[in-house]
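# Coordinate inspection notes
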Amino acid sequence: MNERDSDAVAAMLRGKGYSIVESELDADVVLLNTCSVRDQAEQKAIGKAGHLTKRKRKNPNFILGVMGCMAQNRGNDLLDRLPDLDLIVGTQKFHRVPDHLDHMIATLQGQGPRPDTIVDLEAEDGSQNTIKSHDADKQQVSAFVSIMQGCNMKCSYCIVPKTRGAERARPMDEIVAEIEALAANGTREVTLLGQIVNQYAVREFPFVDKKSPFVQLLERVHAIEGIERIRFTSPHPVGFKDDLIECYARLPKLCEYLHFPMQSGSNRILKAMRRPYTIEKFREIIAKIRAVRPDVYISTDVIVGFPGETDADFELTRHAFDEIGFDMAYLFKYSVRPDTTAEPLGDPIPKAVKEARNQVLLDILGRHSLARNEALIDTVEEVLFEGPAKRGEGMFMGRTRGHRKVIVKATPRLVGQLVPARITEATASTLMGELVLEGMESEQD
Ligand code: 5AD
Ligand code: SF4
């Protein structure tokens, strides 16, 4: 989501005549977009900003801003740690960044006293509709599309409702128009983004034929010519009903890949986390999806070390994690967040216990992921090529429909194309492959 917000700000700035440079060392302005989900992310951003402020000593016109969740969470208090910040821009004000910068630069060029820090953190009606710009000069093979902002849930550990505000949906027509424009510019894959995507517009749009607004949106995106793959992140077990499960049976462009946050395998801890489902319900949804798409890849989020998590609770998590057999997972060690309902519980689980629990899940994940990847050796997978691989001359990176990374020797011409590749080698995280070029050789040369 932050990546998408940053790209939208970059596109807005380019639209105003700013240029985006490759290296921060060449930049006259640096904007840090920030995450507050865990304290570690905030400390990292503060450290980075502190380091960057030193550049002001050499170049008094250097401009430094902090945007996003940490700006929203800490507001003016950030100035205690970072008094030299020029901009502090909250999560509902990304679209105001170009104007703020124009103003700041004009003041600096006017040779007057350095302007005060601009702090812009208010909630703004309709701000969810402003994350829509994409850079027309940049062909995005795979693009993120923000369909909503904010969250109305009250998970006890989570700072997001505070930093991102209440749930607000974008109009369906605008989302569809955005994706049509992306498709016309070469985008083949879209990932629909929201805190709880399956809750999309439940208050704003009616259900039609028992289909939720999110399912209606999926159908409309599915009908867009040029879009070949659809993903979304993240859904919530609440509201993951049969109308959405059936999409896996009838919408072939919907990839057999689902990120589905579990958080814990213990019902007692789920309750303490204020996650309104049981592990049985969570598993039932996965079973139903697997019944219609047996080859679905499933990834998840798990938090270890939530206050009060006993060995027995963790054993339930370990058991569920192993039995479900996730193909990918983001594993988090619990971090106390300000103004959450879990904050008063403190952080009683020792760091070493969290570490150990995290490692147990990592080991299981490594095993499952490797086994799943090894099973692909000698099979042919459809790969969407995204660009050159980080290493290796002539090597290109693409993804399977299951979101597995594949490295293949290819030509730049294949970027943006869906191409069959035979898988030759596998690690837990990456597949190696070779092009299956039936009758295509001459075109490749
Ligand atoms: N501590 C650790 N992990 C957290 N997450 C959210 N809040 C916290 C926290 N306080 C994790 C959840 C969520 C993911 C985006 O971040 O697993 O799904
Ligand atoms: Fe946070 Fe829960 Fe909302 Fe997800 S659903 S953003 S974890 S409050």
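Presented here is an overview of the structure given in this document.

Conventions we followed
- Residues numbered from 1 in each chain as written.
- Chains lettered and ligands numbered in written order.
- Predicted model: local features only at pLDDT ≥ 70, side-chain atom pairs only at ≥ 80, totals over all residues.
- Heavy atoms only, no water.
- Pairing = 2+ DSSP bridges.
- Helix = DSSP H or I, 4+ residues; strand = E, 2+ residues; numbered from the N terminus.
- Near = heavy atom within 4 Å.
- Polar contact = N/O pair within 3.5 Å; in protein donor to acceptor, adjacent residues only side chain to side chain.
- Areas by Shrake-Rupley, 256 points an atom, 1.4 Å probe, with all protein chains shown as cover.
- Nonpolar A, V, L, I, M, F, W, Y, C, P; charged D, E, K, R; others polar.
- Contact = heavy atoms within 4.5 Å.

### Quick look at the pairing of strand 13 (residues 380–388)
In this sheet, strand 16 (residues 418–426) lies alongside strand 13 in antiparallel orientation, the contact comprising five bridges. The residue of strand 16 that forms the bridge with Glu381 is Ala421. In terms of strand pairing, strand 13 meets strand 14 (residues 395–399) through four bridges, oriented antiparallel. The residue of strand 14 that forms the bridge with Phe385 is Gly398. Connecting the antiparallel pair strand 13 and strand 14 is a turn made up of six residues, with Gly392 showing a positive phi of about 95°.

### A short note on unusual backbone geometry
Residues Thr233 and Ser234 are joined by a peptide bond in cis, for which omega reads -5°. Among the structural elements, Ser234 can be located in the loop between strand 9 (229–233) and helix 10 (242–250). In this model, Asp209 sits at a positive phi of 50°, which is unusual for a non-glycine residue. Along the chain, Asp209 turns up in the loop between strand 8 (189–193) and helix 9 (213–222).

### Here we look at the site of ligand 1
If you check the shell around ligand 1, you find Val37, Arg38, Tyr157, Gln263, Asp301, Ile303, Phe332, Lys333, Tyr334, Ser335 and Arg337 and nothing else. Contact between ligand 1 and Gln263: an oxygen atom at 2.6 Å from a side-chain N or O atom of the residue. Within the side chain of Asp301, an N or O atom sits 2.6 Å from an oxygen atom of ligand 1. Protein contact buries 85% of the 400 Å² of open area that ligand 1 shows by itself. Counting residues per element, the ones that place at least two in the shell around ligand 1 are strand 11 (297–304) and strand 12 (328–333). Here the residues of the shell around ligand 1 sort into five nonpolar, two polar and four charged.

### Thoughts on the environment of Arg250
Inspection of the secondary structure puts Arg250 in helix 10. Each residue touching Arg250, except ones within four places of it in the same chain, is listed here: Lys211, Val215 and Glu219.

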